[in-house]
2 protein chains.
Amino acid sequence: MEPYELTASQASALIAEKKLSCEELARSTLARIEARDPLVKAWSYVDRDMVIRNARELDKTPPKGPLHGLTVGVKDIIETADMPTQHNSPLYLGHQSGQDAACVAVVRHSGALIVGKTDTVEFAFRGRKAATRNPHNLDYTPGGSSSGSGAAVGDLQVQLAFGTQTAGSVIRPAAYNGIYGMKPTHGAVSREGAKNTSHTLDTIGWYGRSVDDLALLAQAYRLFGTEAARPVALKGLKVGLCPSPAWQHADAYGRAALKAAGRRLEAAGAIVTELALPAAFAGMFDAQNTIMYGEARGALLADYLGPRSHLLAEHYREVVGNLHGITPQKMCAAYDLAARCRMDFEALFGPGLDVVLALASPGEPPQGLGDTGNPIFNSMWTLLHVPCVGIPVGKTPKGLPLGVQLVGPRFADDRVLDIARACAPAIHENDALGVIEPA
Amino acid sequence: MEPYELTASQASALIAEKKLSCEELARSTLARIEARDPLVKAWSYVDRDMVIRNARELDKTPPKGPLHGLTVGVKDIIETADMPTQHNSPLYLGHQSGQDAACVAVVRHSGALIVGKTDTVEFAFRGRKAATRNPHNLDYTPGGSSSGSGAAVGDLQVQLAFGTQTAGSVIRPAAYNGIYGMKPTHGAVSREGAKNTSHTLDTIGWYGRSVDDLALLAQAYRLFGTEAARPVALKGLKVGLCPSPAWQHADAYGRAALKAAGRRLEAAGAIVTELALPAAFAGMFDAQNTIMYGEARGALLADYLGPRSHLLAEHYREVVGNLHGITPQKMCAAYDLAARCRMDFEALFGPGLDVVLALASPGEPPQGLGDTGNPIFNSMWTLLHVPCVGIPVGKTPKGLPLGVQLVGPRFADDRVLDIARACAPAIHENDALGVIEPA
């Protein structure tokens, strides 16, 4: 096994035992990137020499904790002190802020090795697409907007990577790339230094190759209760299988994936029942859209007024010009509906419900790179501010991964991770067995 | 009259008519700063030569709108491309990010002249105090955390300045410095590039010397409905005088100021009635505190883990270490109470209520610089996300200013400004007449 094939948790143990050096891991990672990047195009920036220099420095330093030496990719809307941050926008070509975003600083101070910047949809907001391809089938999208981060982890080019989710940009690419993803409780991880679109929605998230990998970062950010894993018994676990009010947007593979995940958990002893959300939740999709466009108006204004604003795509002019017709009344109604649904959602949990099982995407990724997929199975959870953990389920006959997500109440990131750790081995069948036939 | 004495709106008209050059205004401003800074200490950074160079450039450029050439100070937790951003923290001594915060970029692109950085409470969050003194009486605090911005505008050293409000850091210093202040609807102005403490609370605000000055910036940020002022008749205006559940924290001068403002509006034809908020609002002070400390935990983590964290005050270690005992349950309860109170507050408006009149501070500013004053008359409005406009009322016998604020529903920034424009001449008596005796 080459070092690049190790999960973050596996490598962390080997580095702690001094059976693997940071430089070995870095060189293996860079070799994998060199071999695969011409095909997958996950990266917008990698400085090979700097990565090796930094890995050597880490080898000279006493380990700072479990992230020491682990390889991390950073979505290119998140600032890095020593690399450009270009937002996949001609406006920011070569731009370098000279400081780390808070989420990057935390892992860097914890000893992680920042490998490079990953390609993204322009400003992570429905603009120019990333050049990235799905590593499982190059003719298909890896999803977006965290396209490069999802594909790089899915292609074993890096162990961990940051994404951001405003509608569905962390959990959907996790599904499309066959990997694990986490969108923590909104606001629990600082977004300072990540491009803003919508302060109510923008959430820093991350990818890994196992639940333990995801937990390493949750712990680094000191999310409530994540200091130590607590074992969860699958037997008797109350799982609410939630088709979501968007069920009609799921394709046959998506539906089959959710049902398969439910069946597999049931076979492993869980009590799986269908969960219907209260009727008001059907308004959450429009509410998410209103808030996203309403808040983006102000977020994009500075770029819109700048001297090089002719480089800004027409889409952004429409947002700032409020062609979406957002009004104060619509904004308040959207905020208030979201607040009520948050309370209603959390009231569902208790003796009868431990966790919600839901689709992570509508199903098979779209063909080509022009469409990164529909975020409708994510946007409601984003607006609910609740923690979501994406888990792979299997693959379609074309070899394209499918995924589901586990969802819990706000700030129960620890509990959702513990439950995901118990559920993942049941849900995630290996590639050879995991072909999902349409339901 | 020297150019530095002009309000932003007055100077804007003269510059448009070419009766005043940007360079003249800049030189007059710099002379005022030079004369007064040794006493007031409002600034942490002014590059005199750069200011004059930039003013000359503006004189060569066709005016971009009403902000052209106007002088602006920037609180030193807000990034500026061409000046350091030091957060009044030894951790950030000499730090320069190389990019403008969104709020700065918008006014710079609109032709404003950035004069310098103003001193602040460390990270705008209960740390090391600014060196700034109250320009009306140097033995007293100018308030905080936007200490330098409030004092610089109050001392006629600059026309406009940015502050930030997480508890009461924009509107309270407006009162203490005898000036106008605006805290717009939460999130309507992008906070990108301003130091984060609490994403639910942090709000960019600004100071000016008249309501028209405040409106210039509201317009630059394209807040809903601010394209043009709409006249408001004082006669018949329904004003709810709100003592707030914190009334017992007001001193005799504060109480007198609020009552005087109410009497003066009544004398001018408004219908002023006392407004009692529903009982649940009494929980908003604790909720604001819980959210502020709970969110600051994550916001300060990167600095706490950094190699120079020994330079971080003990206070911040306590926040990251969660010595305030914040729990998921407390966070959710605080968020949900705030959401319910937002709905309840807005339901008060309608035929019987146009605007709320409330205290902007407990009363006279504290003596000395160790205590910047209690934010309890602001923190509830900050958490409600509603627009607030601070208006001076008069002075205590020691020559210290007192202020009130007008408050409206979310996104009614335009309406609150229009109402403030009508109310300010009645509320704000000039210095000679405005001595407020304790009630």
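Note that the structure is a prediction, hence the values are computed from the model and not measured. (Residues numbered from 1 in each chain as written. Chains lettered and ligands numbered in written order. Predicted model: local features only at pLDDT ≥ 70, side-chain atom pairs only at ≥ 80, totals over all residues. Heavy atoms only, no water.)

### Some details on the overall build of chain A
Rules: In this description a helix means any DSSP run of H or I spanning at least four residues, a strand means any run of E spanning at least two, and both kinds are numbered starting from the N terminus. The quantity called the radius of gyration is restricted to C-alpha atoms. Its globule counterpart is 2.2 Å times the number of residues to the power 0.38. Buried, partly exposed and exposed residues are distinguished by accessible area as a fraction of the type maximum, computed with a 1.4 Å probe on protein chains only: under 20%, between the cut-offs, and over 50%, respectively. Working rule for contacts: check all heavy atoms of both residues, and any pair within 4.5 Å makes them a contact. In these tables, accessible area is a Shrake-Rupley quantity obtained with a 1.4 Å probe, and a residue counts as shielded only by the protein chains included in the view. Charged residues are defined narrowly, with Lys and Arg counted positive, Asp and Glu counted negative, and His plus the chain ends left uncounted. Where a charge lies is defined by one atom per residue type, namely NZ (Lys), CZ (Arg), CG (Asp) and CD (Glu).
Check the secondary structure of chain A and you find 14 helices and eleven strands. Relative to the 2.2 N^0.38 estimate, which gives 22 Å for 439 residues, the radius of gyration of chain A is 20 Å and therefore close to what a compact globule would have. Each of the three principal axes of chain A carries a C-alpha extent, and together these read 55 × 55 × 40 Å. Looking at chain A residue by residue over its 439 residues, the buried ones come to 67%. Considering only contacts within chain A whose residues lie at least 6 apart along the sequence, 78% involve residues at least 24 apart. Accessible area for chain A stands at about 14,300 Å²; split by element, carbon and sulfur atoms hold 53% of it. On chain A, the mean spot of the 42 positive side-chain charges and the mean spot of the 44 negative ones are 1 Å from each other.

### Focus on the UniProt feature "domain: Amidase" (unreviewed entry) in chain A
Heads up, the condition is: UniProt positions are given in the numbering used here, feature names are shortened, and annotations may be inferred rather than shown by experiment.
As annotated in UniProt, the feature "domain: Amidase" (unreviewed entry) corresponds to residues 24–417 of chain A in the numbering used here. Along residues 24–417 of chain A one finds 35% helix and 15% strand; the C-alpha atoms at either end are 30 Å apart.

### Re the interface of chain B and chain A
Spelled out, the test is: Accessible area that two parts lose when put together, evaluated with a 1.4 Å probe and summed over both, is termed the buried area. Just to be clear on terms, a salt bridge is a Lys or Arg side-chain nitrogen sitting within 4 Å of an Asp or Glu carboxyl oxygen. In protein, a polar contact means a hydrogen-donor-capable atom and an acceptor-capable atom, both N or O and within 3.5 Å, with residues adjacent in sequence counting only if both atoms are side-chain atoms; elsewhere, any N or O pair within 3.5 Å suffices.
Each partner contributes residues to the interface: chain B has 47 residues there, and chain A has 47 residues. For the pair chain B and chain A, the summed buried area comes to about 3,900 Å², and 58% of that belongs to carbon and sulfur atoms. When the buried surface of chain B facing chain A is broken down by residue, Glu192(B), Arg222(B) and Phe224(B) rank first, second and third, together holding 16% of it. Arg410(A) is paired through a salt bridge with Asp336(B); the nearest N and O atoms lie 3.0 Å apart. One can count ten residue pairs in polar contact (both at pLDDT 80 or more) joining chain B with chain A. Secondary structure elements with two or more residues in the side of chain B that touches chain A: α4 (102–109), α9 (284–299), α10 (301–305) and α12 (328–347) of chain B. Top element by residues in the side of chain B that touches chain A is α12(B). It accounts for nine residues.

### Considerations on the pattern of salt bridges
For the structure on display, the rule yields 42 salt bridges over all chains. Put simply, Glu346(A) and Arg410(A) hold a salt bridge, and the shortest N to O gap is 2.7 Å. Note that Glu346(A) is positioned in helix α12 (residues 328–347) and Arg410(A) in the loop between β11 (401–407) and α14 (413–427), a separation of 64 residues in sequence. A single burial state applies to Glu346(A) and to Arg410(A), both of which are buried. The closest approach of N and O atoms between Glu34(B) and Arg48(B), which form a salt bridge, is 2.4 Å. Residue Glu34(B) is located in helix α2 (residues 22–40), and its partner Arg48(B) is located in helix α3 (residues 48–60); the two are separated by 14 residues in the primary sequence. Linked by salt bridges that have partners in common, Asp212(A), Arg230(A), Asp414(A), Asp418(A) and Arg421(A) make up one network.

### Details of the sheet that holds strand β7 (residues 238–242) of chain B
Residue and element names in this part refer to chain B. Quick reminder of the rule: Two strands qualify as a pair provided that DSSP identifies no fewer than 2 bridges between them. Here an axis means a line fitted to C-alpha atoms, over the contact stretch when the element is a helix, while the angle between two N-to-C directions is reported on a 0 to 180 degree scale.
Read from one edge of the open sheet, eleven strands run β1-β3-β2-β4-β6-β5-β10-β11-β9-β7-β8, paired in mixed fashion. Each having just a single partner strand, β1 (43–45) and β8 (271–274) make up the two edges of the open sheet. Each adjacent strand pair in this sheet contributes to an overall mean axis angle of 30 degrees, direction not counted. Two elements, strand β2 (residues 71–75) and strand β4 (residues 160–165), share three bridges in a ladder whose sense is parallel. Among the inter-strand pairings, Val 74 is bridged to a residue of β4, identified as Phe 162. Packed onto the sheet, helix α14 (residues 413–427) meets β5 (180–183), β9 (355–359), β10 (388–395) and β11 (401–407) and runs at close to 10 degrees relative to β10.

### Comments concerning the packing of aromatic side chains
How we decide: The aromatic pairing rule takes the rings of Phe, Tyr and Trp, using the six-membered ring of Trp, and pairs them if the centres are within 6.5 Å, calling planes under 30 degrees apart stacked, those over 60 edge-to-face and the rest tilted. Throughout this description, the term charge over a ring refers to an Arg CZ or Lys NZ atom that lies within 6 Å of the ring centre and within 35 degrees of the ring normal.
Here the structure, examined in full by the defined rule, presents 18 aromatic pairs over all chains. Taking 6.2 Å as the distance between ring centres and 45 degrees as the angle between the ring planes, the aromatic pair formed by Phe125(A) and Tyr316(A) counts as tilted. Remark: Tyr316(A) occurs in helix α11 (residues 314–320) and Phe125(A) occurs in the loop between β3 (113–118) and α5 (147–154); sequence separation between them is 191 residues. Taking the relative accessible area as the measure of exposure, Phe125(A) reaches 2% and is therefore buried. Taken together, the ring pairs in this structure connect Tyr92(A), Phe123(A), Phe125(A), Tyr293(A) and Tyr316(A) into an aromatic cluster. Taking the ring centre of Phe224(A) as reference, the NZ or CZ of Arg297(B) above it sits at 4.5 Å.

### A closer look at the sheet that holds β3(A)
Residue and element names in this part refer to chain A. Ordered by their spatial adjacency, eleven strands build an open sheet running β1-β3-β2-β4-β6-β5-β10-β11-β9-β7-β8, and the pairing between neighbours is mixed. Each edge of the open sheet carries a strand with a single partner, namely β1 (43–45) and β8 (271–274). Ignoring strand direction, the axes of neighbouring strands in this sheet form an average angle of 30 degrees. The strands that helix α7 (residues 211–220) touches are β4 (160–165), β5 (180–183), β6 (203–208) and β10 (388–395); relative to β6, the one it contacts most, it runs at about 140 degrees.

### Focus: helix α1 (residues 8–16) of chain A
Residues and elements named next belong to chain A. This is how it is decided: Summarising the geometry, the arc corresponds to the directions from the helix axis toward the C-beta atoms.
Within α1, the full set of buried residues consists of Ala 8, Ala 11, Ser 12 and Ile 15. Mapping the buried residues of α1 onto a view down its axis gives an arc of 105 degrees, with all of them on the same face. Elements that come into contact with the buried residues of α1 comprise α2 (22–40), β4 and α7.

### Here we look at the pairing of β6(A)
Residues and elements named next belong to chain A. Counting buried positions along β6 gives six out of six residues, so the element sits mostly inside the fold. Of the strand pairs in this sheet, β4 and β6 are connected by five bridges, and their pairing is antiparallel. Looking at β6, one finds that Thr 164 is bridged to Ile 204. Pairing of β5 with β6 involves three bridges; the strand directions are antiparallel. When the sheet's bridge partners are listed, Met 182 is paired in β6 with Trp 206.

### Focus: the packing of α9(B) against α12(B)
What describes two packed helices is the angle between their axes and the distance between those same axes. All names here are of chain B. Let me state the cut-off plainly: Convention used here: angles under 35 degrees read as roughly parallel, angles over 145 as roughly antiparallel, angles from 65 to 115 as roughly perpendicular, and any remaining angle as oblique. Crossing chirality is assigned from the near helix's rotation relative to the far helix, an anticlockwise turn below a right angle marking it left-handed and a clockwise turn marking it right-handed.
As a packed pair, α9 and α12 sit with axes 9 Å apart at the nearest point and diverge in direction by 130 degrees. Between α9 and α12, the interaxial angle falls into the category oblique. Two packed elements cross with a definite hand, and for α9 against α12 that hand is left-handed. Of the residues in α12, those in contact with Met 284, Ala 287, Thr 290, Ile 291, Gly 294 and Glu 295 of α9 are Lys 330, Met 331, Ala 334, Tyr 335, Leu 337, Ala 338 and Cys 341.

### Describing the environment of Arg108(B)
Residue and element names in this part refer to chain B. Here Arg 108 shows up in helix α4. Note on Arg 108: relative accessible area 22%, which makes it partly exposed. Taking C-alpha positions, Arg 108 is 9.4 Å from Val 72, a pair spaced 36 residues apart along the chain. When neighbours within four sequence positions are excluded, Arg 108 is seen to be in contact with Lys 64, Ala 81, Asp 82, Asp 100 and Ile 114.

### Some thoughts on the nonpolar core
Test applied: Take the buried residues of types Ala, Val, Leu, Ile, Met, Phe, Trp, Tyr and Cys, join any two whose side-chain atoms come within 4.5 Å, and each joined set is a nonpolar core.
Phe162(A), Tyr221(A), Trp381(A), Phe162(B), Tyr221(B) and Trp381(B) are the most contacted members of the largest nonpolar core, which has 299 residues in total. Leaving out residues up to four positions away in the same chain, Trp381(A) has contacts with Lys183(A), Cys242(A), Leu277(A), Phe345(A), Val356(A), Ala358(A), Val386(A), Cys388(A), Gln405(A) and Val407(A).

### What about the relation of the copies chain B and chain A?
What relates the two chain copies is a rotation about an axis together with a slide along it. Put simply, the rule reads: The fit set for superposing copies consists of C-alpha atoms from residues with pLDDT of at least 70 in both; the fit itself is least squares.
Between chain B and chain A, the superposition needs a rotation of 180 degrees and an axial shift of 0.0 Å, giving an RMSD of 0.0 Å. When the rotation and shift are considered jointly, the pair of chain copies conforms to a two-fold rotation axis. A shared binding surface is used by both copies, with 100% of the interface residues of chain B retained as interface residues in chain A.

### Remarks on the packing of helix α7 (residues 211–220) of chain B against α14(B)
Residues and elements named next belong to chain B. This is how it is decided: Each residue gets one of three labels, nonpolar for Ala, Val, Leu, Ile, Met, Phe, Trp, Tyr, Cys and Pro, charged for Asp, Glu, Lys and Arg, and polar for the others, Gly among them.
Their axes nearest at 9 Å, the elements α7 and α14 cross at an angle of 165 degrees. On the basis of the axis angle, α7 is roughly antiparallel to α14. Of the two elements, α7 crosses α14, and the hand of that crossing is left-handed. Between α7 and α14, the residues in contact are Val 211, Asp 212, Leu 214, Ala 215 and Ala 218 and Leu 417, Ala 420, Arg 421 and Ala 424, respectively. Classifying every residue of the contact of α7 with α14 by side-chain character gives seven nonpolar, no polar and two charged.

### Side note on the pairing of β8(A)
Residues and elements named next belong to chain A. Formally: Think of it like this: strands point away, you trace from the first strand over the helix to the second, and a clockwise trace means the crossover is right-handed.
When strand β7 (residues 238–242) meets β8, the two strands line up parallel, connected through four bridges. Pairing of Leu 241 across the sheet is with Glu 274, part of β8. Crossover connection from β7 via helix α8 (residues 252–267) to parallel β8: handedness right-handed.

### Comments concerning the environment of Met83(B)
Here Met83(B) is to be found in the loop between β2 and α4. What Met83(B) contacts, discounting residues up to four positions off in sequence, is Tyr45(B), Met50(B), Gln96(B), Ile114(B), Val115(B), Gly116(B) and Lys117(B).

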